[in-house]
Amino acid sequence: MLRRSLAVAAIDARILRRDPAPILVMIVIPLLFVPFLLPGASAQLAATGHAGASGAQYAVPGLAVLFAMLCVQQIVVAFHRDMQSGTWERLRISPAGLPSLLAGKALAAFVAQLLQLGVVLGGGVVLFGYRPAGSWMGIAVVGFAFSLVMVAFGVLVVGAFATQDQALAVCSIVAMLMAGLGGAFGPVAALPEALRAVAPVSPAFWALDALSALSLDGAGLHDILASVAVLFAFAGAFAVGAVVAFSRRGRWS
Amino acid sequence: MSARESGVHIDRVRKRFGSRPVLTDAEIHIEPGQVTALLGPNGAGKTTFVAIATGRLRPDAGGVSVAGLSPDAPGFAALVGCAPQDTGVYPTLTLRENLAGFGALYGVRGGASRVRVDELISALDLDAVADRRADRLSGGQRRRLHTAMALVHRPAALFLDEPTVAADVSSRARIVDLVRSLADDGAAVLYTTHHLDEVERLGADVAFLRGGRIRDLGTVDAVIARWGSARVALRTVGGEAYQVSPPWRRTGEWLVGVADGTDPGRLLARGIDEVTANGGRVVEVDIRRSSLETAYLRLLDGADTASEGADGVAA
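Quick summary incoming for the structure in this document. As the structure is a prediction and not an experimental result, all values here were calculated from the model.

1. Let's talk about the pattern of salt bridges
Counted by the stated rule, this structure contains 23 salt bridges over all chains. As a salt-bridge pair, Arg201(B) and Asp177(B) come within 3.2 Å of each other at their nearest N and O atoms. Highlighted residues: Arg201(B) in helix H7 (residues 196-202) and Asp177(B) in helix H6 (residues 169-184), separated in sequence by 24 residues. The structure contains a network of salt bridges with shared partners spanning Asp12(A), Arg81(A), Asp82(A) and Lys105(A).

2. With respect to the environment of Phe185(A)
Residue and element names in this part refer to chain A. Relative to the assigned elements, Phe185 resides in the loop between helix H8 (164-182) and helix H9 (193-198). Through-space distance from the C-alpha of Phe185 to that of Val170 is 20 Å; in sequence the pair is 15 residues apart. If we skip the residues at most four places from it in the chain, Phe185 touches Gln44, Leu66, Met176, Ala179 and Gly180.

3. Some details on the sheet that holds strand S2 (residues 20-30) of chain B
Residue and element names in this part refer to chain B. Judged by pairing direction, the sheet is antiparallel, and its 3 strands sit side by side in the order S2-S1-S4 without closing on themselves. Both outer strands of the open sheet, S2 and strand S4 (61-66), are each paired with one neighbouring strand and no more. For this sheet, the mean angle separating the axes of adjacent strands, direction not counted, is 20°. Examined bridge by bridge, strand S1 (residues 8-17) and S4 share 5 bridges and lie antiparallel to one another. Among the inter-strand pairings, His9 is bridged to a residue of S4, identified as Ser65.

4. A look at the environment of Val285(B)
Residue and element names in this part refer to chain B. By the secondary structure assignment, Val285 is in strand S13 (residues 281-289). Here Val285 falls in the partly exposed class, since its relative accessible area comes to 40%. Residues Val285 and Thr236 lie 49 residues apart in sequence; the distance between their C-alpha atoms is 9.1 Å. With sequence-adjacent residues up to four places away left out, Val285 is seen in contact with Ala233, Leu234 and Leu268.

5. Observations regarding the packing of aromatic side chains
Taken as a whole and judged by the stated rule, the model has 10 aromatic pairs over all chains. Consider the rings of Phe33(A) and Phe67(A), whose centres lie 5.9 Å apart with planes at 75°: the pair is edge-to-face. Taken together, the residues span a long stretch of sequence, with Phe33(A) in helix H2 (residues 21-47) and Phe67(A) in helix H3 (residues 56-70) at a distance of 34 residues. Residue class for Phe33(A) comes out partly exposed when judged on its relative accessible area of 38%. By relative accessible area, Phe67(A) is classed as buried at 6%. Following the ring pairs from residue to residue traces out a cluster consisting of Phe79(A), Trp88(A) and Phe246(A). Taking NZ or CZ as reference, Arg90(A) lies 5.8 Å from the ring centre of Phe102(B), over its face.

Cut-offs applied
- Residues numbered from 1 in each chain as written.
- Chains lettered and ligands numbered in written order.
- Predicted model: local features only at pLDDT ≥ 70, side-chain atom pairs only at ≥ 80, totals over all residues.
- Heavy atoms only, no water.
- Salt bridge = Lys/Arg side-chain N within 4 Å of Asp/Glu carboxyl O.
- Helix = DSSP H or I, 4+ residues; strand = E, 2+ residues; numbered from the N terminus.
- Contact = heavy atoms within 4.5 Å.
- Pairing = 2+ DSSP bridges.
- Axes fitted to C-alpha atoms, helices over the stretch in contact; angles between N-to-C directions.
- Buried < 20%, exposed > 50% of the residue type's maximum accessible area, 1.4 Å probe, protein only.
- Phe/Tyr/Trp six-rings, centres within 6.5 Å; stacked < 30°, edge-to-face > 60°.
- Lys NZ or Arg CZ within 6 Å of the ring centre and 35° of its normal.

Set out below in structure tokens:
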């Protein structure tokens, strides 16, 4: 199964390499936004007890998470591209069963998600002086877990919605909602109470909670393990949902 | 090895979509090295039949086996090569990348992949465009690529659903020759087409599907004999005054009659007896059998006896 999944992933990776524009957009736009958000982020940090912290400590991870969520659209496009080009039927006839196909396509998308998140955070370091006070390893682990969540969510949306337009619309709306609830547009503490109460249903909340602790409070890897565990739980739940959605008799079966 | 452990066996397959029966007890057996052309009008059920044969669709009843394996068995998919009716290629990948990518799915990798990909590119005369993106190929080139992608792993059973549709004359010839050579190497091939000349070029057996049922199955000659007709013409000298009896009619010096395709000699013998009995002599005989197309059209019409219309016959 692994070799067939790798073969599927290699095809998708080659397609992305041939035309990396969708991923590049998700890298360039957040980095373009950072300078515009820095003053507001500094003020928000000061208001939440982090006076003197650079706005980059909040703006860079916030935008990285927001655009990682929007990057889920490329998973939708990757599946529907196969459907539209007639290659999905060929893949289904091949010895790569549905689990191998899903794993292969998810693997390519996961690498793209990691790359997007890593380059945005790295760009924040180089261009805007983003310097986490805590563990870089912790940041890598959160990035890994959050990318898993996003890929599983993307595959779930593909399986659950019949058309590309429906899936892309749902991705955009849910990404914005989750990002807002998670604190990508401003600290969760500054949200109205009703929104604060439901914020933990968003995976972005747990990712940004961990990233804020790592960026601002000097947290170590062990300090963010609970948030990471929740992210893995989200990934698991979305993955199960994705498998159920794809197992139904329908256009993907 | 028993017969069931090799080749393709599709047994009494039934399929309904809602209340509409699409296939009813459809059955075909294809031995290694044999090509069977599945013929029928649009909507006859050919694509559904291919989808069931390749394991893509589950039949309501009946069974499928390839080299003794059912579609649920591990290893079944690796034995099967299929080019569906709609072209399926990655437009932004090159022709070579498409072939290598699908080869890898079937375990054809590394040096073996390079050799096989080059073989197919050469066999289908695609050398000049091997490194061109698929979306920049001509329609015929893309169709050849689509077919080649089903062949990278040298399948034991090959299912080609109208592989030459929209292909130019040269592409059609290349595809047909390649399919024949694969059969010669031992593959069992099911080939759907509307181009009846390809059937004869492939040396294929034919199966006629109409209304979800296999109406006839056999060699081209046998099917023509059963469903076609034969036109028998006798040039006679003397005895012109007598009234010819049906099915004969007189056209100048010629008596012309249409016989059942299975036994034109019987009508010939009757005609000679009749002419001789009426004082004439038969000095020339011309028998022409129908084409596969005539047989096909008669099958589509639901005719069950050969009665008229041998084509292409000069009196």
